[in-house]
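Here is what each chain is made of, one letter per residue.
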Amino acid sequence: MTSEMQTNAKEAKQKRYDRQLRLWGEHGQEAMEECSVCLLNSSACGSETLKNLVLPGAFFPRAPLPCVPPS
Amino acid sequence: MTPTPSPPRAGIGSFTIVDGATVTQADLGNNFFVDEDCLGKSRAASVTQLLQELNEHVSGSYVAEDISQVLDSRPEYLNSFNLVIATQLPSKELTKVATICAERKIQLIVLHTYGFMGYIRLMLNEHHVVESHPDHPFPDLRVLAPPPALLEFARQRYADLSILSTAEYAHVPYVVLLLKAVEQWAAANGGALPSTYKQKKEVGVLLEQFRRADVQSDVNIDEAKGAINTTLNMPKPSSSVAALLKGARARVSQLAAEMHKASSASGDDAGCSPAVRKQQLSFWLMAASVGAFVEAEGKGMLPVLGTIPDMTAHTETYVALQNIYLEQAQHDLNAVQAHLQQLVTDESLPGDLVNTGALKRFCKNAHSLQVINYRTIAEESAPETSRASVLSGALDDEASSGALYVMLRAAQAFYAGRSRWPGFNDSEVESDVSMLKQCVTEVTKELNLSSTPMLEDLVSEFCRWGGAEMHNIGSVMGGIASQEAIKAVTNQYIPLNNTFIFNGASGTTSALEL
């Protein structure tokens, strides 16, 4: 990635997440993006929780894990 | 000195759903992330796919197996995660997961909705709150302990207030007025500093005498009077912060020893993950450095915040003042950094544990640092360590939170014996009532509660609900749980400690430390 592309990506991210960045700052966003979370059971409340974490981009992809389909 | 390499962690910045269930009609009724096409398919796969559609930047993964199956074949499965959100788990599985999380210091949020009841339990181990975001932050103007540059500023520009023109007098920044008033008060009181409420009032009287007949609008004097209570304080750490800073040095040594031991031992280390230890070391290193600063250069005071509140002043004056505080903050930060360097050398630690930005934020928030030691779920459950007194107090509160807690435990006990929730089958609702009552009695004994709470109505309600999840309760609880997850992950704001109970029938909530 060139530095120009990096700047563009950063700006796009800033625009996308502007309102929440004011709440927890760039370092807060970074902490969320570095976090790996495991949800046990995709129940109603579990899916709702994850939705609220997916929307603010808590889990920005670095290296997605392989899925394990039902055997 | 070489930094200890941490092993690469899979899936950093990602979510994984572990769920062996297939989508049923019941799921269609309460879960927005499955639709009719998903019927009979893996629920983990369906929810992962629909969640991903919400944010194209996010990619998740799933494992279509129950957590107990996963742990049977791969006991170390959860080790690579920072946060586990366990929902709707029977107590047997929950105990297994909670034990792993406590051992490996993985943050755990337990979530359960049962009919109209919602339950959240946080187990964040030793949790550090760096930025608590207080609602009413105190300004840090150091009127009682002025930095040398501030004294110089006041001496050069405001040696004699009486010679100032009307316009200039109305624009003397209030911090200077406070300095002058405190100076006068000290001169009249043998060099002492005002500390009691009465003494501060006397400073207020002095400030009132500063008003000049020719100055019509002396807002700056009002500002000075208004700031007396918040600014005439020594910026010393509060007793809880002082205790935290005092214990920090010993924690650094302890964690450093653990780290050296883990890196010299071959194979996997049995304790927490290197990332968790690194995070803990980073916090305690910063705390120990600030503690050393308070003892030495700070003369008992915390590093200067560096930001000042708005005040009536000419722009040039205000900017000059801002710079004075900013420079002092930088000066203090450098001193803290030097202490940190010394600590890192003394303990032979890697040099990349703390970056300057993090240290700066730490210094800025040093006045409101918090460490919360969460009780483990094992401690909560064991009769010797459970908190009967807290629970008894909540048994007949308005939200009936204690009663709901006992009921959920009883329903869990019911499930443990029968592998189904009470009232799950329509035909057995009534016969389950007496069996659930039996479970309530058992749980009451287990919890050391002095008397069996009267839960007749709730017992039949729990059987009527039959362990069903409702979409509205799930939505409320999902909202709260995700807020807590963000607090847990960012070390910002103060997370709840440790149990939250939502009574959806009455719309009431309670937090208990169990």
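Residues numbered from 1 in each chain as written. Chains lettered and ligands numbered in written order. Predicted model: local features only at pLDDT ≥ 70, side-chain atom pairs only at ≥ 80, totals over all residues. Heavy atoms only, no water.

Colleague: I'd like a description of the overall build of chain B, backed by residues and values.
Modeller: Broken down by element type, chain B carries 20 helices and nine strands. Projected onto its principal axes, the C-alpha positions of chain B cover 95 × 55 × 50 Å. Residue burial in chain B is summarised as follows: out of 514 residues, 52% are buried. Contacts spanning at least 24 positions in sequence make up 69% of the contacts within chain B whose residues lie at least 6 apart. About 23300 Å² of surface is accessible on chain B, with carbon and sulfur atoms providing 53% of the total. Side chains of chain B give 39 positive and 57 negative charges; the mean places of these two sets differ by 7 Å. (Helix = DSSP H or I, 4+ residues; strand = E, 2+ residues; numbered from the N terminus. Buried < 20%, exposed > 50% of the residue type's maximum accessible area, 1.4 Å probe, protein only. Contact = heavy atoms within 4.5 Å. Areas by Shrake-Rupley, 256 points an atom, 1.4 Å probe, with all protein chains shown as cover. Lys, Arg positive; Asp, Glu negative; His and termini not counted. Charge placed at Lys NZ, Arg CZ, Asp CG, Glu CD.)

Colleague: Now, about the nonpolar core: what can you tell me, with residues and values included?
Modeller: All names here are of chain B. Counting residues in hydrophobic clusters, the biggest one holds 55 residues, and the most contacted among them are L78, V84, V97 and L108. Residue contributions to this core peak at nine residues, all from helix α17 (residues 401-418). When near neighbours in sequence (up to four residues on either side) are disregarded, L108 contacts V84, A86, V97, A98, C101, R121, L122, M123, L124 and I377. (Core = buried A, V, L, I, M, F, W, Y, C linked by side-chain atoms within 4.5 Å.)

Colleague: With reference to specific residues and values, describe helix α5 (residues 148-158) of chain B.
Modeller: All names here are of chain B. All buried positions along α5 are accounted for by L150, F153, A154 and Y158. The arc that holds the buried residues of α5, viewed along the axis, is 95 degrees, so those residues lie on one side. In α5, the exposed residues that point more than 90 degrees away from the buried face are P148, R155 and Q156. In this structure, the buried residues of α5 make contact with α7 (174-188) and α13 (315-346). (Arc of directions from axis to C-beta.)

Colleague: Which residues make up the packing of aromatic side chains, and what are the values?
Modeller: Residue and element names in this part refer to chain B. Within the structure shown, the criterion is met by ten aromatic pairs over all chains. Seen from their ring centres, F462 and W465 are 5.2 Å apart, and the 50 degrees between their planes marks the pair as tilted. In this pair, F462 and W465 are both assigned in helix α19 (residues 456-465), three residues apart and thus about one turn of the helix distant. Note on accessibility: F462 and W465 belong to one class, buried. Sitting over the face of the ring of F414, R418 holds its NZ or CZ atom 4.3 Å from the ring centroid. (Phe/Tyr/Trp six-rings, centres within 6.5 Å; stacked < 30°, edge-to-face > 60°. Lys NZ or Arg CZ within 6 Å of the ring centre and 35° of its normal.)

Colleague: With reference to specific residues and values, describe the interface of chain B and chain A.
Modeller: Each partner contributes to the interface: chain B provides 63 residues, whereas chain A provides 44 residues. Run the count over chain B and chain A and you get zero salt bridges. Summed over the shared surface of chain B and chain A, the number is 26 residue pairs in polar contact (both at pLDDT 80 or more). Only β1 (15-18), α2 (43-52), β2 (60-63), β3 (83-87), β4 (107-114) and α20 (471-490) of chain B provide two or more residues apiece to the side of chain B that touches chain A. At ten residues, α20(B) tops the list of elements feeding residues into the side of chain B that touches chain A. The class makeup of the residues in the side of chain B that touches chain A is 31 nonpolar, 24 polar and eight charged. With four bridges connecting them, strand β1 (residues 37-40) of chain A and β1(B) associate as parallel partners. Looking at the pairing, V37(A) lines up with F15(B) of β1(B). (Salt bridge = Lys/Arg side-chain N within 4 Å of Asp/Glu carboxyl O. Polar contact = N/O pair within 3.5 Å; in protein donor to acceptor, adjacent residues only side chain to side chain. Nonpolar A, V, L, I, M, F, W, Y, C, P; charged D, E, K, R; others polar. Pairing = 2+ DSSP bridges.)

Colleague: Lay out the side chain of T317(B) in plain terms, naming residues and giving numbers.
Modeller: Within the secondary structure layout, T317(B) lies in helix α13. The class for T317(B) is buried, based on a relative accessible area of 5%.

Colleague: So what about the pairing of strand β8 (residues 499-503) of chain B? Which residues, and what values?
Modeller: In terms of residue burial, β8(B) counts as a mostly covered element, since five of its five residues are buried. Where burial is concerned, the two faces of β8(B) agree: the one with T499(B), I501(B) and N503(B) and the one with F500(B) and F502(B) are both buried.

Function cannot be inferred from these measures alone, as they are strictly geometric.
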